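An overview of the molecular structure
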Amino acid sequence: MFELFGISSQALFGQLLIGLINGSFYALLSLGLAVIFGMLNIINFTHGAQYMLGAFTAYFLLQYAGLGYWWAIVLAPIAVGITGIIIERLFLQWLYKLDHLYGLLLTFGLALILEGTFRNFFGSSGLPYSVPPALQGGQNLGFMFLPNYRAWVVVFSLAVCLTTWFVIERTKLGSYLRAATENPTLVRAFGINVPRMITLTYGFGVALAALAGVMAAPVYNVSPQMGANLIIVVFAVVVIGGMGSIMGAILTGFGLGLIEGLTKVFFPEASNTVIFIIMAIVLLIRPAGLFGRGA
Amino acid sequence: MKRLFSLTVAAIALGCGCAQAQYTDGSIKIGVMNDMSGTYSDLSGQGSVLAARMAVEDFGAAARGMKVEIVGADHQNKPDVGSNVVRTWIDVDKVDVIVDVPTSSVALAVNEIVRDKNKVFLVSGAAASDLTGAKCSPNTIHWTYDTWALANGTGKAIVKTGGDTWFFLTADYAFGHALERDTAAVVEKNGGKVVGRVRHPFPGTDFSSFLLQAQASKAKIIGLANAGADTINSIKQASEFGITQGGQNLAALLAFITDVHALGLQTAQGLIMTEAWYWDLNDSNREFAKKFAPQDKGIHPTMVHAGVYSAVTHYLKAVEALKSDADGKAVVAKMKEMPTDDKLFGKGVVRADGRKIHPMYLFEVKKPAESKAPWDYYKLRATIPADEAFRPLAEGGCPLVKS
Amino acid sequence: MQRVAETSKEIVLRAHSETIAFVAMVCLLIVAPFFAYPVFLMKALCFALFACAFNLLIGYAGLLSFGHALFFGWASYVSAHAAKVWGFPPELAILSGAVTAAVLGTIVGALAIRRQGIYFAMITLALAQMMYFFAVQAPFTHGEDGIQAVPRGKLFGFIDLADQTNMYITVLVIFLGCFLLIYRIINSPFGEVLKAIRENEPRAISLGYRSERYKLVAFVLSATFAGVAGATKALVFQLASLTDVDWPMSGEVILMTLVGGLGTLFGPVAGAFFMVTLENYLTTIGQWVFVVQGTIFVVCVLLFRRGIVGELAHLLRVKL
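Residues numbered from 1 in each chain as written. Chains lettered and ligands numbered in written order. Predicted model: local features only at pLDDT ≥ 70, side-chain atom pairs only at ≥ 80, totals over all residues.

Before going further, it helps to spend a moment on the overall build of chain A. Helix and strand counts for chain A stand at 11 helices and 4 strands. In summary, chain A has a C-alpha radius of gyration of 19 Å against a globular reference of 19 Å for 295 residues, a match within 12%. In terms of its C-alpha atoms, chain A occupies a principal-axis envelope of roughly 65 × 50 × 35 Å. Across the 295 residues of chain A, 57% fall into the buried class. Here the contacts in chain A between residues at least 6 apart in sequence split such that 75% fall between residues at least 24 apart. (Helix = DSSP H or I, 4+ residues; strand = E, 2+ residues; numbered from the N terminus. Rg over C-alpha atoms; globule rule 2.2 N^0.38 Å. Buried ≥ 20, exposed ≤ 12 C-beta atoms within 10 Å, placed from the backbone. Contact = placed C-beta atoms within 7 Å.)

Regarding its fold elements, chain B presents 14 helices and 15 strands. For 403 residues, the compact-globule estimate of 2.2 N^0.38 gives 22 Å, and chain B sits close to it at 22 Å. Burial statistics for chain B: of 403 residues in total, 62% are counted as buried. Counted over contacts in chain B with a minimum sequence separation of 6, partners at least 24 positions apart contribute 72%.

A few words on the sheet that holds strand 13 (residues 356-357) of chain B. Overall, antiparallel pairing links the 3 strands, which are arranged 11-12-13 (chain B) in an open sheet. Strands at the two margins of the open sheet, each flanked by one partner only, are strand 11 (340-342) and strand 13 of chain B. (Pairing = 2+ DSSP bridges.)

So, on to helix 3 (residues 38-60) of chain C. All names here are of chain C. For helix 3, spanning 23 residues, the distance from its first C-alpha to its last is 31 Å, which sits close to the expected 33 Å at 1.5 Å a residue. Counting buried residues in helix 3 gives 22 out of 23 residues, a clear majority hidden from the surface. Gly-62, located one to two residues past helix 3, shows a positive phi value of around 70 degrees. (Expected span 1.5 Å × (residues − 1).)

In this section: the interface of chain B and chain A. Between chain B and chain A, the contact holds 32 residues from the first and 32 residues from the second. With 6 residues, the top contributor of residues to the side of chain B that touches chain A is helix 8 (residues 228-240) of chain B. When grouped by side-chain class, the residues that make up the side of chain B that touches chain A number 10 nonpolar, 15 polar and 7 charged. (Nonpolar A, V, L, I, M, F, W, Y, C, P; charged D, E, K, R; others polar.)

Residue and element names in this part refer to chain B. Here the domain parsing of chain B yields domain 1 (23-145 + 282-358) and domain 2 (148-275 + 359-389). Between the C-alpha centres of domain 1 and domain 2 there is a distance of 28 Å. Taken together, the contacts link 15 residues of domain 1 with 14 residues of domain 2. Taken together, the residues that form the side of domain 1 that touches domain 2 break down as 7 nonpolar, 7 polar and 1 charged. (Domains from an automatic or database assignment.)

The next subject is the interface of chain C and chain A. Size of an interface, as often reported, equals the accessible area lost when the parts are brought together. Listed by partner, the interface residues are 34 residues for chain C and 34 residues for chain A. Going through the elements one at a time, helix 6 (117-137), helix 11 (247-260) and helix 13 (289-303) of chain C are the ones with two or more residues in the side of chain C that touches chain A. Among the elements that take part in the side of chain C that touches chain A, helix 6 of chain C stands out by supplying 13 residues, more than any other. In terms of residue class, the side of chain C that touches chain A is built from 23 nonpolar, 9 polar and 2 charged.

On to the sheet that holds strand 5 (residues 140-142) of chain B. Residues and elements named next belong to chain B. Across the sheet, 5 strands lie side by side as 2-1-3-4-5; this open sheet has parallel pairing. Each edge of the sheet is formed by a strand with only one pairing partner; in this case those strands are strand 2 (68-74) and strand 5. Looking at each pair of strands side by side, their axes are set apart by 20 degrees on average, direction ignored. The pairing of strand 1 (residues 28-34) with strand 2 spans 7 bridges and is parallel. Across the sheet, the residue bridging to Gly-31 is Val-71, located in strand 2. Helix-sheet contacts for helix 12 (residues 303-322) involve strand 1, strand 3 (97-100), strand 4 (120-123) and strand 5, and the interaxial angle to strand 3 is about 155 degrees. (Axes fitted to C-alpha atoms, helices over the stretch in contact; angles between N-to-C directions.)

Attention shifts here to the packing of helix 4 (residues 100-122) of chain A against helix 6 of chain C. Axis angle and axis distance: for two packed helices, these are the angle between their axes and the distance between the axes, and together they describe the pair. Where helix 4 of chain A meets helix 6 of chain C, the closest approach of the two axes is 8 Å, and the angle between their N-to-C directions is 40 degrees. Judged by the angle between their axes, helix 4 of chain A and helix 6 of chain C are oblique. Between helix 4 of chain A and helix 6 of chain C the crossing geometry is right-handed. From helix 4 of chain A, A:His100, A:Leu101 and A:Leu104 reach across to helix 6 of chain C, where they touch C:Gly117, C:Ile118 and C:Ala121. Grouping the constituent residues of the contact of helix 4 of chain A with helix 6 of chain C by class yields 4 nonpolar, 2 polar and no charged. (Parallel < 35°, antiparallel > 145°, perpendicular 65-115°, else oblique. Left-handed = near helix turned anticlockwise from the far one by under 90°.)

A separate point is helix 2 (residues 45-59) of chain B. Residues and elements named next belong to chain B. For helix 2, built from 15 residues, the straight-helix expectation of 21 Å at 1.5 Å per residue is met to within 8% by its first-to-last C-alpha distance of 22 Å. The buried fraction of helix 2 is high, at 11 of 15 residues. Within helix 2, the full set of buried residues consists of Gly-45, Gly-47, Ser-48, Val-49, Leu-50, Ala-51, Ala-52, Met-54, Ala-55, Val-56 and Phe-59. Those residues of helix 2 that are buried lie in contact with strand 1, strand 2, strand 3, helix 11 (283-292) and helix 12.

What follows is about the confidence of the model for chain B. Residue and element names in this part refer to chain B. Mean pLDDT over chain B: 86, with 94% of residues reaching 70 or higher. The lowest-confidence element of chain B is helix 1 (residues 2-19), averaging 43 in pLDDT; the highest-confidence one is strand 4, averaging 96. In this model, residues 4-19 is a region of pLDDT below 50 whose contacts with residues beyond four sequence positions or in other chains number 0 contacts. On the interface metric, ipTM, the complex scores 0.83, and its pTM is 0.84. (pLDDT = per-residue confidence, 0-100.)

What follows deals with the nonpolar core. A general trend in soluble globular proteins is that nonpolar side chains are found buried together. Residue and element names in this part refer to chain C. Formed by 356 residues in total, the largest nonpolar core has its most connected members in Leu-49 and Ala-126. If one sorts the elements of this core by residue count, helix 3 sits on top with 19 residues. Every residue in contact with Leu-49, bar those within four places of it in the chain, is listed here: Phe-175, Cys-178, Phe-225, Val-228 and Ala-229. (Core = buried A, V, L, I, M, F, W, Y, C linked by C-beta atoms within 7 Å.)

Time to look at the packing of helix 4 of chain A against helix 13 of chain C. Packing of helix 4 of chain A against helix 13 of chain C leaves a shortest axis separation of 7 Å and a crossing angle of 155 degrees. Here helix 13 of chain C runs roughly antiparallel to helix 4 of chain A, going by the angle between their axes. By crossing handedness, the relation of helix 4 of chain A to helix 13 of chain C is classed as left-handed. Contact residues: A:Tyr102, A:Leu105, A:Leu106, A:Phe108, A:Gly109, A:Leu110, A:Leu112, A:Ile113, A:Glu115, A:Gly116, A:Thr117 and A:Arg119 in helix 4 of chain A; C:Val289, C:Phe290, C:Val291, C:Gln293, C:Gly294, C:Thr295, C:Phe297, C:Val298 and C:Val301 in helix 13 of chain C.

Glancing now at unusual backbone geometry. All names here are of chain C. Phi is positive for Phe-156, close to 55 degrees, though the residue is something other than glycine. Turning to its location among the elements, Phe-156 is positioned in the loop between strand 2 (154-155) and strand 3 (159-160). Even without being a glycine, Gln-238 presents a positive backbone phi close to 55 degrees. By secondary structure assignment, the location of Gln-238 is in the loop between helix 10 (211-237) and strand 4 (239-240). Gln-238 sits in the buried class, given 22 other C-beta atoms within 10 Å.

For a regular strand, the rule is simple: side chains alternate between the two faces of the sheet. Residue and element names in this part refer to chain B. Two strands pair when backbone bridges link them, and strand 1 and strand 3 are joined in this way by 4 bridges, in the parallel orientation. By the bridge assignment for strand 3, Val-32 is matched with Val-99. With 4 bridges joining them, strand 3 and strand 4 adopt parallel strand pairing. By the bridge assignment, Val-97 is partnered in strand 4 with Val-120. In terms of handedness, the path from strand 3 via helix 4 (residues 104-117) over to strand 4 forms a crossover that is right-handed. (Right-handed = clockwise from strand over helix to strand, strands pointing away.)

Right, let's talk about the environment of B:His305 for a bit. Residues and elements named next belong to chain B. Mapping His-305 onto the fold places it in helix 12. The class for His-305 is buried, based on 32 C-beta atoms found within 10 Å. Sequence separation of His-305 and Asp-80 is 225 residues, and the distance between their C-alpha atoms is 24 Å. Setting aside chain neighbours within four positions, we find His-305 in contact with Gly-47, Ser-48 and Ala-51.

Moving on, we come to the environment of C:Val259. All names here are of chain C. Positionally, Val-259 belongs in helix 11. Here the alpha-carbon distance between Val-259 and Lys-9, two residues 250 residues apart in the chain, equals 31 Å. Every residue in contact with Val-259, bar those within four places of it in the chain, is listed here: Gly-271, Phe-274, Met-275, Ile-296, Cys-300, Gly-307 and Ile-308.

Rendered as C-alpha cells:
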C-alpha cells in the first residue's frame, strides 16, 4: 500500500478509525450540551459529572443488581436523566431570570459536589468494568485489529445522534422545542407547557451524557474524574461547531475526533492541544463557529 | 509518715526527670502527609497513617516513656499545598518528622523545607531518585523505592528472562521521560534493544492509537513509562486490543498492587512489575496484612505502607538512642549509623546518601484462575539482591558522598 | 423599615464608607502577623490580589473569565524562572511576571472578546487549558516538579526577603498598591464607561464608545494584576507549579470573588481570606474539599448572590 509522510496507509487508516471512535464520544457529549444550551441557555458544566454518573450507574447495576451492559444502556440514561430533572426543578429553574453566568457557576458547583462525593466513596484508582461478552473480541481487518466493541461505539453513537437530529429538526415535537427556544412566551400562549418541555429537555441532554458514560465504561477507566478533563475538550468542540445547529455539533464532534486521530500519528505530543489550537483559529476566522448562527 | 511519703514521691519524680529524654515540646510528633483523596489515596492515604500508628504501637513507645503523636494531612498531589502544610506543621505545630509524601514534585519541595528547618524527612511514597542524587540532603532518607530501582529491576530482570525487545509508551512529562530514559539505558546495557517509542500527552485518556503502534512494532515487551490513571488506562485498553493475547507483555514501570486491584485480574494478568514489598511473601508480612486490612477498608498493605512502618520504627529507635528529637541532622546520622531491622523488611542499612537498602522483587500478575483469594495477585518472578537493587553510591552525584 | 432622617454624621460616614473600610483593612493587616502565621497571611494576600484582579473583569466589566489561572500561573513561572535561573532581583522578577501576564492577556483577550457571555467564558477556559498542556511539556517549567527552591533575593539590592518580616511588608505593600490602583481604575472615566458597557452594551456603542477596545483594556489590566499576584506568590512560597495554571485554580478565584461579593471593592479580599482559611482547615479532612467548594458555589448562586461584603453593604446601606 502507499506511504504518506513515512506512515504506512495501514497505520493511517487504523488511526483514523480510532479517531472516529473518539469522535463518537465528542459528538454525543457536544450534542447533549447543544440541546441543553439551545433550550435553556445554560451551559451545563455538570455534563462531565453526569457522564461519569452514567458510567458509575452501569457499574452499580452490574455489581449490585447483576444487570449487564445491555440493561445499563437503557436504565442508566433514564436514571441519570431523572436526577437531571431533579436538578432542574430544584436549582436551575430559579436562574432563568438571571444572568446566564450564574447558570454556569451553579452547574460548575454541582459538578464539584458530584465529583467530590464520588471521589470520597470510590477513591481515584477507578473501578473495573469489562466489555460485554457479546461484543468481545474483534475483527482482523488486515490493516488493524478492530475490537468489536469499538465498532459498536461508532455505529451506535451515529444512530443516536442521527435520531436526535431527526426528532429535533423533522418532527412536531422538535418543532415545538425549537419554537420554544425562540419565543417561549408565544409558545406558551399556544397552550404548550413550556416549563415542562424545558425540564424534559434538560433531562434528555443529561441522559445523552449518561449514555456516553455507559459506552465509555468498558474502554476508559470508570473513575470519578473521567468527566472533568473531557468536558473542557467538549467545550472547545462546541465553540468550534457553534451552538446554532444540532447537525453542526454532530459533524464537528466526529470531525475533530478524526483530526485528533491524525495528530496522534504525525505529532503525538500535540494531540492534547490540537483541538484548542483549532478553536483559536476558528475564532479568528469565523467567530460564530463553523455552523453557528450569529454571535 | 505523710512527710516521708511526699518526700519519696518528690525524689522519685526528680529521679525520673533526670532520666527523661529531652524531646522538643515534650513529645515526638510524626506528620504523615500524602494523597488522601486523589489518585494515590489507596496506595498511601489513611493506610500510611495506620501503618505509622502500628509502628508506634509495636515499638512500645508508651512503655518506653516516649510520648508519640501522629498527625495526618492531604497534600492533594500539589507541591504548594504540601509545602504549606509542612511549613505550618514545623513552625506552628512543632512536628519533628515528615513521613511518606508520594508524588515526586511534592517530595522534592518538602525536601528543601525540611533541610532548611533541620527536621527529618522519611520518604516512602515518592519515586524521584534525585532525592538521593543531586538533591540529597542530610535530613532526608529515601525509604521504599525509587525510579532507578524500578527501571533497573523491571528492565534488567525482564531482559534476563527473555524480554529483549522493547517499545516504550511514555507519558510526555519530566517523570515519564526520566523513567523511559533510565529503563532504556538498563535494557540496552543488558543486551536488549529498544525498537521504538511513542510519547502520549499527559494526562491521557485514550491510548488506542499509541497501543496500535506498539502492537505494530512487534516488540516482545511494551514498557509503560507512566503512572496512576494513565497506567491503568493503557493496560485496560491494551487488553481490549488483544495485545497480551497476541504474545506481547506489558511492563508497568511504576505500578502498585492497588492498581492491579482496580484493573481486575482479567485485564491485568501477565503484567510485570517491580515492588519492594508484597504482603503474601512470608508469614511475617501476612500477619501484618491480616491486622492492617480490616482497618483500611479491606485494602491490603502496599509497599508504601510497609515503608512507612519500617521508617517510623527505625526513627523511633534512633530517637530513643539519642534521647532527643531536636536536631534533624543528628537523628538521620544516627539512623544511618544503626543497621535497620524490622518485621517487614528484615535487616537492612541506610547509606550515606540517604538511600535505604533492601532487596527488590520482580512480580508477574496471576491469571484469574491462579488467584485463590482477593488480593492474591502476584507470583514472584525474580528477587533482586539488595546490593544490586539500587543505584551505586558513586553514580548518584550526591554532595554528601565523599568521593 | 426606612429611617426618615439621618444625622449629618451618618451621611458623612456613609459617604466615606470605602475609605473607612480601607483604613480598617490596613490596620488589620499590619497587626495580623502578630496573631496569625505570616506565611498563611501572605498566601491570603496574594490570592486577595488575584481575586481583586478577577473582580475588575467580572464585577465592573461584566466578563466572566474561566481561565484566569493562565495569567496567575504563567506569571508565577516566569517570575520564578527569572529569580532562579536569570538571577533577577525580586522586583524585576515580579515585573517580568506581570509583563508576561499582560502579553498573554492581550493575546487571549483579543481572541476571546470576539464572543459574548458564555462563549467568552468557554473560550477563556479552553485557551487556559491549552496553556496548561504547554506548561506540562515546556522544559523550563519542569512539569510536575515545578520550579522549586526559588531564591527570594534582596529587594532593591539590600532588603533581604528571606527574613519573614521583610517579605510580609513587601507583599503587603504590593497588595495595597495594586488595590489602590484598581480602585483608581474603577473610579475613573474609563471605569465609568466600563460599567456602562456592562449595563447596556448596545447603548454604550450607540453613544460612540468602542466597547471592544474598552473590554480588551479591562481584560489586559485584569490579567496584569493577576500576574502580579502570581509572580509575588512564586517568591513567597519559592515555588511555581502546575497547580497555578490548572483549571481548578480558575474555579477557585471565581469562588473567592463570588463568596466575597462580586462588584464590591472589598469583596474579593474578604472572599480570598475566607477561602484560604477554609482550605487550611480542610487539609486535615482533605477528602471533602471539592464537595465543600461545590456546595458553597451552589449556595452562593442560589441564596447568597451578593456575597459576604455585598450583604454587609446592603445591610448597612453603604458602598463597599
